[in-house]
Amino acid sequence: MAEALLQVRDLEGWYGESHILHGMTFEVGRGEVVTLLGRNGAGKTTTMRAVMGMLPKRSGSVKYDGRELIHLKSNAIAKAGIAICPEERGIFASLSVKENLLLPPRVKPGGLDLEAIYKLFPNLRERSTSQGTKLSGGEQQMLAIARILRTGADLLLLDEPTEGLAPVIVQQIGATIRMLRETGFTIVLVEQNFHFAATVADRHYVVEHGQVIDMIPNASLEQNREKLKTYLGV
Ligand SMILES: Nc1ncnc2c1ncn2[C@@H]1O[C@H](COP(=O)(O)OP(=O)(O)O)[C@@H](O)[C@H]1O
Ligand SMILES: [Mg+2]
């Protein structure tokens, strides 16, 4: 079996004195879509931040394409080929869609140019001169995802992209994720909604108290439905 693109081993993470990640271990193969599922406060966002080098204190191992990243700063991690789309989206309200798209620096060759991004996201082309504030929640989420494709990253960390969105928009986000997968991106997706997760992912890691407590292949989600409901408290 080919070596995984992302290998996270025994990852520990802290916010100040609070020890949040207790040995997170998981891996993501090249071209896979993998979810981190878990209740609120389980440590999913913290895991993404730790992988991205955005936590002040972390230890363990984060290997990307065979290279150890745990001692690198977030800008060097971005250069290695990882990008994060944060929960809060971070759209600049006073800038247009196009200006928002052009904001992230290209840190690695191979990033998509504006035209390629508009091809993948025709809605954003139509809205290119609209201000960030004028966008719907769904459009903002699309913009937040589209923006990181410019950087040249191969691995996308998407933190709850469906949060707070209407079902029809959630379906659009799902179609976007499947399209990005077909384009060749590798994706780690944080989700609370496993009904949605099932429509886009190959495998699911269940996170509880800063640890992975189970891994469920999407193909056996149905057999594991009751167990998963218990994990997630739904
Ligand atoms: N900036 C912070 N400072 C201190 N504690 C935090 C901070 N952010 C999150 N936490 C705590 O870390 C734990 C995990 O949070 P988080 O990773 O955001 O969970 P999830 O994304 O799974 O909902 C929670 O107990 C949360 O209160
Ligand atoms: Mg979170």
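Criteria and thresholds
- Residues numbered from 1 in each chain as written.
- Chains lettered and ligands numbered in written order.
- Predicted model: local features only at pLDDT ≥ 70, side-chain atom pairs only at ≥ 80, totals over all residues.
- Heavy atoms only, no water.
- UniProt positions renumbered as here; feature names shortened; annotations may be inferred.
- Helix = DSSP H or I, 4+ residues; strand = E, 2+ residues; numbered from the N terminus.
- Rg over C-alpha atoms; globule rule 2.2 N^0.38 Å.
- Buried < 20%, exposed > 50% of the residue type's maximum accessible area, 1.4 Å probe, protein only.
- Contact = heavy atoms within 4.5 Å.
- Areas by Shrake-Rupley, 256 points an atom, 1.4 Å probe, with all protein chains shown as cover.
- Lys, Arg positive; Asp, Glu negative; His and termini not counted.
- Charge placed at Lys NZ, Arg CZ, Asp CG, Glu CD.
- Pairing = 2+ DSSP bridges.
- Axes fitted to C-alpha atoms, helices over the stretch in contact; angles between N-to-C directions.
- Parallel < 35°, antiparallel > 145°, perpendicular 65-115°, else oblique.
- Left-handed = near helix turned anticlockwise from the far one by under 90°.
- Phe/Tyr/Trp six-rings, centres within 6.5 Å; stacked < 30°, edge-to-face > 60°.
- Lys NZ or Arg CZ within 6 Å of the ring centre and 35° of its normal.
- Salt bridge = Lys/Arg side-chain N within 4 Å of Asp/Glu carboxyl O.
- Core = buried A, V, L, I, M, F, W, Y, C linked by side-chain atoms within 4.5 Å.

Per an unreviewed UniProt entry, the chain goes by ABC transporter ATP-binding protein and derives from Rhodoplanes tepidamans. Of the chain, the UniProt comment under Sequence similarities (unreviewed entry) reads exactly: "Belongs to the ABC transporter superfamily."

Per the secondary structure count, the chain includes nine helices and 10 strands. Computed over its C-alpha atoms, the radius of gyration of the chain comes to 17 Å, within 12% of the 17 Å expected for a compact globule of 234 residues. Along the three orthogonal principal directions, the C-alpha set of the chain runs to about 45 × 40 × 40 Å. Each of the 234 residues in the chain was classed as buried or not, and the buried ones make up 52%. The long-range share in the chain, meaning contacts at least 24 apart out of those at least 6 apart in sequence, stands at 66%. Surface summary for the chain: the accessible area is close to 10700 Å², and the carbon and sulfur share equals 51%. Looking at the chain, you have 27 positive and 26 negative side-chain charges, and the mean spots of the two groups are 5 Å apart.

Strand order across the open sheet formed by four strands is 2-1-4-5, with antiparallel pairing between neighbours. Edge positions in the open sheet fall to strand 2 (18–28) and strand 5 (67–68), since each of these has one partner strand only. As defined by bridge partners, strand 1 (residues 6–15) adjoins strand 4 (residues 57–64) across seven bridges and the pair is classed as antiparallel. Residue pairing in the sheet places glycine 13 in a bridge with arginine 58 of strand 4. Packed onto the sheet, helix 1 (residues 44–51) meets strand 1, strand 2 and strand 4 and runs at close to 110 degrees relative to strand 1.

Attention now moves to the packing of helix 6 (residues 137–148) against helix 7 (residues 167–183). Here helix 6 crosses helix 7 at 15 degrees, and the two axes come no closer than 10 Å. Considering their axes alone, helix 6 and helix 7 lie roughly parallel with respect to each other. Crossing handedness for the pair helix 6 and helix 7: right-handed. Contacts between helix 6 and helix 7 involve Gly138, Gln141, Met142 and Ile145 on the former and, on the latter, Ile169, Gln172, Ile173, Thr176 and Leu180.

Turning next to the packing of aromatic side chains. Note on aromatic pairs: each is described by the distance of the centres and the angle between the planes. All told, the structure shown has one aromatic pair when counted by the stated rule. With centroids separated by 5.6 Å and ring planes inclined at 55 degrees, the aromatic side chains of phenylalanine 26 and tyrosine 205 adopt a geometry described as tilted. Taken together, the residues span a long stretch of sequence, with phenylalanine 26 in strand 2 and tyrosine 205 in strand 9 (residues 203–208) at a distance of 179 residues. The exposure class assigned to phenylalanine 26 is buried, which follows from its relative accessible area of 3%. Tyrosine 205 gets classed as buried once you look at its relative accessible area, which sits at 7%. Directly above the ring of tryptophan 14 sits lysine 57, whose terminal nitrogen or CZ lies 4.3 Å from the centroid.

It is worth spelling out the pattern of salt bridges at this point. Using the criterion set out here, one finds nine salt bridges in the structure. One salt bridge in this structure joins arginine 30 and aspartate 65, with 3.1 Å as the shortest N-O distance. Of this pair, arginine 30 sits in the loop between strand 2 and strand 3 (33–37) while aspartate 65 sits in the loop between strand 4 and strand 5, and the two are 35 residues apart along the sequence. Note on accessibility: arginine 30 and aspartate 65 belong to one class, exposed. Ionic pairing is found between arginine 225 and glutamate 222, a salt bridge with its closest N-O pair at 3.0 Å. For glutamate 222, a relative accessible area of 54% puts it in the exposed group.

This part takes up the nonpolar core. Of all hydrophobic cores here, the largest spans 34 residues; its most connected members are Leu101, Phe121, Leu124, Leu156, Leu158, Ile177 and Ile187. For this core, the secondary-structure elements that each account for two or more residues are strand 6 (82–85), helix 3 (97–102), helix 4 (114–120), helix 6, strand 7 (155–159), helix 7 and strand 8 (186–191). The biggest single contributor to this core is helix 6, with six residues. Beyond its immediate sequence surroundings of up to four residues, isoleucine 187 is in contact with Val28, Glu32, Val33, Val34, Leu155, Leu156, Leu158, Ile177, Leu180 and Arg181.

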